[in-house]
Amino acid sequence: ISSTWSAGRSGATPCPRANGPERVTEKAHDAIVIGAGAAGLMAAITAAQRGLRVLVVDHANKVGKKILMSGGGRCNFTNTGTTPAQYLSANPHFCKSALARYTPWHFIELVERHRIAYHEKELGQLFCDESSKLIVKMLLDECATAGVEVRTQCTIERVEHLDDGSFRLHTAQGRLVTPSLVIASGGLSIPSMGASGFGYTLAKQFGHEVLPTRAGLVPLTLTGKHAERLQDLAGVSLPVEARCNDTSFRNFMLVTHRGISGPSILQVSSYWQPGDDLRLDLLPGIDAEAQLREWQATRRDAELKTLLAEVLPKRFAQRLCEHWIASKPLRQYTPPELRGIADLLSSWPLIASGTEGYRTAEVTLGGVDSDGLSSTTMMSRHVPGLYFIGEVVDVTGWLGGYNFQWAWASGHAAGTAL
Ligand code: FDA
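Quick caveat: nothing in here was measured; it's all calculated off a predicted structure. (Residues numbered from 1 in each chain as written. Predicted model: local features only at pLDDT ≥ 70, side-chain atom pairs only at ≥ 80, totals over all residues. Heavy atoms only, no water.)

Participant: Would you take a moment to explain the overall build of the chain for this structure?
Facilitator: On a plain count of helices and strands, the chain comes out with 13 helices and 23 strands. Overall, the chain is about 85 × 40 × 40 Å in size when its C-alpha atoms are taken along their principal axes. Per-residue burial over the chain gives 54% buried out of 418 residues. In the chain, once contacts between residues fewer than 6 apart in sequence are set aside, the share between residues at least 24 apart is 72%. When the accessible area of the chain is evaluated, it comes to approximately 17500 Å², of which 50% is carbon and sulfur surface. (Helix = DSSP H or I, 4+ residues; strand = E, 2+ residues; numbered from the N terminus. Buried < 20%, exposed > 50% of the residue type's maximum accessible area, 1.4 Å probe, protein only. Contact = heavy atoms within 4.5 Å. Areas by Shrake-Rupley, 256 points an atom, 1.4 Å probe, with all protein chains shown as cover.)

Okay, here's the thing in structure tokens:
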């Protein structure tokens, strides 16, 4: 029995349920994409526009769930400043080719063609003015125009590699056969949104190396005295420069009930592992020692905690002086004492105990080793016809639209090559 499903204007169609024995759906597809997220939809659209018959399958009940929840519901869909330097990967060169061939401007052109209003928030980050739903609608409209079939609620039980080089997918609803299989099943972050380790398991099945995975762009947790001393400041936010492993990010930090978050901390979390030295410059852009000396010269009788409250949130300044710095009138500090305080303010050692993990992480670091893939086509070097794109690959961007840009670019690279 074979049936046809297509992505109509209303979106994707649920997989029909099998009645009785396993339904055999040997309808010819030039390519099947597993995962109807950012990367998978882009690959499907690109390939279908070239005339290929493409099917996208997803186990979730709707497509693009992460797009929908991204950017606080407004989807930070790209970053105009994208360069390979904003990506973490065991091979930092791997992402270059795809990013160079599908740039933020290509995606912006698509967004503008669909008349989606957008704005730059900061640092080249582009967000929808209205809703990330418009990005999903745009992708589904492109699927419909190009003739891509999209099936949701389609669970893949196993994938076989046949003697003729094609792939047979056993789904809960039937079997599918294709000469080209694209794995776009994403990473492990936010399991409640449909994230699964499917892509990694499949990669291993086909002889690919999978580099250790861990949560990235994730809040850090604190325990012990740091937690005790900061917990009740939850909600306090301040600009900092967070530094770890020779990388630093200047932006806001937010104290949370469990630890610390905010853009600077999310960014640095991708470079941090338990035991690594994490430092915060609490007065970024200010020469702390010069500032303290100036206060000592001009406001000799003022207490340090009063003066710090002028450059830091008041409660945070008070807490620093309760536990880390002895506050007294400025005139009473010796030069070495002032130097010590300046060092602490510009390089505050914060001992994080861990991360909040995949439950809240925006991305998964690590994944399918890019050494096993072609950087121009994303095709497996071991198994012709098998492709890996998007977050499942060991390429992870910074916060700020870079991860979607990688999804679009790697999806486009595969879609062009299929
Ligand atoms: P993605 O996860 O989008 O899609 C994978 C698809 O595969 C899903 O639809 C899933 O259901 C499906 N799937 C998984 N296992 C399957 C299986 N076994 N069988 C069938 N289907 C399966 N990035 C950015 O650039 N700007 C932003 O604003 C944000 N904001 C943001 C917010 C939050 C809360 C999160 C969690 C993440 C972000 N990101 C982001 C990161 C961004 O969402 C992410 O990098 C991309 O969605 C990755 O795209 P992929 O297509 O690779 O995976």
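Let's pick the thread back up.
Participant: Explain the pattern of salt bridges to me, please; I cannot follow it from the model alone.
Facilitator: Proximity of charged atoms lets side chains of opposite charge pair with each other. Per the stated rule, a full pass over the model turns up 18 salt bridges. Linking Asp-277 and Arg-279 is a salt bridge whose minimum nitrogen-to-oxygen distance equals 3.1 Å. Asp-277 sits in the partly exposed class, given a relative accessible area of 47%. Arg-279 gets classed as partly exposed once you look at its relative accessible area, which sits at 28%. Measuring nitrogen to oxygen at the nearest pair gives 3.3 Å for the salt bridge that ties Arg-319 to Glu-322. Of this pair, Arg-319 and Glu-322 both sit in helix H11 (residues 314-323), separated by three residues, roughly a single helical turn. In this structure Arg-319 comes out as buried when scored by relative accessible area, which is 14%. Several salt bridges share partner residues, and in doing so they unite Glu-241, Arg-243, Arg-250 and Asp-281 into one network. (Salt bridge = Lys/Arg side-chain N within 4 Å of Asp/Glu carboxyl O.)

Participant: Could you clarify how one ought to interpret the packing of aromatic side chains in this entry?
Facilitator: Any aromatic ring pair is given by two values, namely how distant the centres are and how the planes are angled relative to each other. Counted under the stated rule, the structure contains twelve aromatic pairs. Here the aromatic rings of Trp-324 and Trp-348 are separated by 4.9 Å at their centres, their planes lie at 80 degrees, and the arrangement is edge-to-face. On the criterion of sequence distance, the pair formed by Trp-324 in the loop between H11 and helix H12 (335-346) and Trp-348 in strand E19 (residues 348-349) is long-range, its members being 24 residues apart. An aromatic cluster of at least three residues, connected via ring pairs, comprises Phe-77, Phe-107, Tyr-118, Phe-404 and Trp-408. Sitting over the ring of Trp-324, Arg-229 keeps its end group 5.0 Å from the ring centre. (Phe/Tyr/Trp six-rings, centres within 6.5 Å; stacked < 30°, edge-to-face > 60°. Lys NZ or Arg CZ within 6 Å of the ring centre and 35° of its normal.)

Participant: For this particular structure, what's the right way to read H11?
Facilitator: Side chains that are three or four residues apart share a direction in an α-helix, a result of its 3.6 residues per turn. Along H11, the positions that sit buried rather than exposed are Phe-316, Ala-317, Arg-319, Leu-320 and Cys-321. For H11, the secondary structure elements touched by its buried residues are helix H7 (224-230), strand E15 (237-244), strand E16 (247-255), helix H10 (304-311), H12 and E19.

Participant: I keep staring at the side chain of Ser-185 and nothing clicks. Help me out?
Facilitator: Position of Ser-185 among the secondary structure elements: in the loop between strand E12 (181-183) and helix H6 (198-205). Polar contacts involving the side chain of Ser-185 include one to the main-chain amide nitrogen of Gly-199, which spans 3.3 Å. (Polar contact = N/O pair within 3.5 Å; in protein donor to acceptor, adjacent residues only side chain to side chain.)

Participant: Hey, could you run me through the sheet that holds strand E7 (residues 125-128) in this one?
Facilitator: Think of a sheet as strands paired side by side through backbone hydrogen bonds, with each pair either parallel or antiparallel. Read across the open sheet, the three strands follow the order E4-E7-E6; overall the sheet is antiparallel. The sheet is open, and its two edges are formed by strand E4 (76-79) and strand E6 (118-120), each paired on a single side. Here the average twist between neighbouring strands, direction ignored, is 25 degrees. Where E4 lies against E7, three bridges are found, and the strand directions are antiparallel. Its bridge partner lying in E7, Asn-76 is registered against Phe-127. (Pairing = 2+ DSSP bridges. Axes fitted to C-alpha atoms, helices over the stretch in contact; angles between N-to-C directions.)

Participant: Could you clarify how one ought to interpret the nonpolar core in this entry?
Facilitator: A general trend in soluble globular proteins is that nonpolar side chains are found buried together. Counting 79 residues, the largest nonpolar core has Phe-107, Ile-135, Trp-406 and Trp-408 as the members making the most contacts within it. Not counting chain neighbours up to four residues away, the residues in contact with Trp-408 comprise Ala-38, Met-42, Ile-67, Phe-77, Tyr-102, Phe-107, Ile-135 and Leu-139. In this structure, Val-236, Trp-295, Ala-342 and Leu-350 belong to the second largest nonpolar core, which totals 45 residues. (Core = buried A, V, L, I, M, F, W, Y, C linked by side-chain atoms within 4.5 Å.)

Participant: Just checking my understanding: could you explain the site of the ligand for this structure?
Facilitator: The environment of the ligand is made up of 30 residues, and the closest members are Ala-39, Asp-58, Ser-196, Glu-391 and Phe-404. Phe-404 has a polar backbone atom sitting 2.7 Å from an oxygen atom of the ligand. Compared with its free state, where it exposes 1000 Å², the ligand has 93% of that area covered by protein. Elements with a contribution of two residues or more to the shell around the ligand: helix H1 (38-49), helix H2 (65-69) and helix H13 (402-417). At four residues, H13 tops the list of elements feeding residues into the shell around the ligand. When its residues are assigned to classes, the shell around the ligand shows 13 nonpolar, 13 polar and four charged. (Near = heavy atom within 4 Å. Nonpolar A, V, L, I, M, F, W, Y, C, P; charged D, E, K, R; others polar.)

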